[in-house]
Amino acid sequence: MFQLALLLGAMFLLQGVLSVIQMRHFSKEFVKLRRQGKVACGRKSGGFHAGAIVLFRIDEDGVIQEGRKLMGVTCFARVTDVGLKRDEELRRLRELGYDGLTLGVETGDEEALAFMNKGYGARDVVEQAGRLDEAGMSYSFFYLAGISGAGRGVEGALRSAEVFNQTRPRRVGSSMLTIFPSSALYREIQAGRWREESELEKLEELKTLIENLEIPTRFETDGASNLVRVQGELPQDRERLSGALDCRGRRGGPAGLPGQLKTFMKGIPLTTQASGR
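This write-up is about the structure you can find in this document. (Residues numbered from 1 in each chain as written. Predicted model: local features only at pLDDT ≥ 70, side-chain atom pairs only at ≥ 80, totals over all residues. Heavy atoms only, no water.)

1. Focus on the overall build of the chain
Part 1 of the reasoning: When you go through the chain residue by residue, the secondary structure sums to ten helices and nine strands.
Part 2 of the reasoning: Looking at the 277 residues of the chain, the share that counts as buried comes to 45%.
Part 3 of the reasoning: When the accessible surface of the chain is summed, it comes to about 14,400 Å², and 54% of that surface belongs to carbon and sulfur atoms. (Helix = DSSP H or I, 4+ residues; strand = E, 2+ residues; numbered from the N terminus. Buried < 20%, exposed > 50% of the residue type's maximum accessible area, 1.4 Å probe, protein only. Areas by Shrake-Rupley, 256 points an atom, 1.4 Å probe, with all protein chains shown as cover.)

2. Focus on the packing of aromatic side chains
Part 1 of the reasoning: Per the stated rule, a full pass over the model turns up four aromatic pairs.
Part 2 of the reasoning: Plain terms: the ring middles of Y143 and F164 are 6.2 Å apart, the flat faces sit at 85° to each other, and that makes the pair edge-to-face. Of this pair, Y143 sits in strand β6 (residues 139–145) while F164 sits in helix α6 (residues 153–164), and the two are 21 residues apart along the sequence.
Part 3 of the reasoning: Classification of Y143 by relative accessible area gives buried; the value is 0%.
Part 4 of the reasoning: What makes F164 buried here is its relative accessible area of 0%.
Part 5 of the reasoning: Each member of the aromatic cluster is reached from another via a ring pair, and the members are Y139, F141, Y143 and F164. (Phe/Tyr/Trp six-rings, centres within 6.5 Å; stacked < 30°, edge-to-face > 60°.)

3. Overview of the packing of helix α3 (residues 87–95) against helix α5 (residues 122–135)
Part 1 of the reasoning: Following both chains from N to C, one finds α3 and α5 inclined at 55°, their axes separated by 9 Å at the closest point. Classified by the angle between their axes, α3 and α5 sit oblique to one another. As α3 packs across α5, the resulting crossing turns out to be right-handed. Note on element contacts: α5 touches α3 through R131, L132 and A135, opposite D87, L90, R91 and R94.
Part 2 of the reasoning: Residue composition of the contact of α3 with α5, by class: three nonpolar, no polar and four charged. (Axes fitted to C-alpha atoms, helices over the stretch in contact; angles between N-to-C directions. Parallel < 35°, antiparallel > 145°, perpendicular 65-115°, else oblique. Left-handed = near helix turned anticlockwise from the far one by under 90°. Contact = heavy atoms within 4.5 Å. Nonpolar A, V, L, I, M, F, W, Y, C, P; charged D, E, K, R; others polar.)

4. Thoughts on the environment of V125
Part 1 of the reasoning: Positionally, V125 belongs in helix α5.
Part 2 of the reasoning: For V125, a relative accessible area of 1% puts it in the buried group.
Part 3 of the reasoning: When sequence neighbours within four positions are dropped, the list of residues in contact with V125 reads V79, V105, Y120, F141, V163 and T167.

5. A closer look at the environment of P169
Part 1 of the reasoning: Inspection of the secondary structure assignment puts P169 in the loop between α6 and β7 (171–176).
Part 2 of the reasoning: Spatially, the C-alpha atom of P169 lies 6.5 Å from that of T217, the residues being 48 residues apart in sequence.

6. Section: the sheet that holds β7
Either a parallel or an antiparallel arrangement is found when strands of a sheet pair, and the pairing is made through backbone hydrogen bonds.
Part 1 of the reasoning: Strand order in the open sheet formed by six strands is β4-β5-β6-β7-β8-β9, with mixed pairing between adjacent strands. Single-partner strands in this sheet number two, and they are β4 (76–77) and β9 (231–234).
Part 2 of the reasoning: Inspection of the sheet shows strand β5 (residues 101–106) paired to β6 by four bridges, in the parallel sense. Among the inter-strand pairings, E106 is bridged to a residue of β6, identified as Y143.
Part 3 of the reasoning: Set on the sheet, α5 makes contact with β5 and β6; between it and β6 the angle comes to about 155°.
Part 4 of the reasoning: The sheet contacts of α6 involve β5, β6 and β7, and relative to β6 the element is tilted by about 170°. (Pairing = 2+ DSSP bridges.)

Next up, the structure:
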């Protein structure tokens, strides 16, 4: 039951992330046309098929001068979901418009994956990502800072980087673990079998991940649970991204955090800051 609750929670979280990605793409194309004149737009929902948004640049007389069609399917999946598909099924899905899949890998830390009962290991992440590569389907990774537990954030980041470096995600998006009192993980904490990372340790974890990713990819902390928002391209923006997390995460605890972090943390019980398994 707790696995279903965690899956639903992750899907809800990722819905917001994926919506942001879609809106950024739409905004980028809209601005390009708007700089040249008036723009009209329309859309067709696709349900379980590829939907489409059309943009038209029109002149003062309403005559279409240029058009753009934005088409595709946004999809979030577990690593095990990919494993359930045959190679030919993955290729067929790609032909039907499935691309830019977001995989909720969460971590490459075997110990954390086992403790959270994820049902897959680090080797499965590499194997299933490779199958997506062969099918011609691009993908992104969803990373969950804090999932390794207190005192293991840096180790979890190093293990994750080692796994991710064997794959080709076009984007790694990260959120911070949030533990709800109704979750099984909360009960593990109450029983003394697991301890959550502090917010500062999560920032150090993200910094470590960024510093050890060797693949070309985009890195973003754009989930609602993130204390700090950073985004950029690796490897070229590595120093800037790492520095942004470092200057916010090493100032002697909450008293030394920038204003926005203190505001974020104020009034939030420590036992509910970090979502559980």
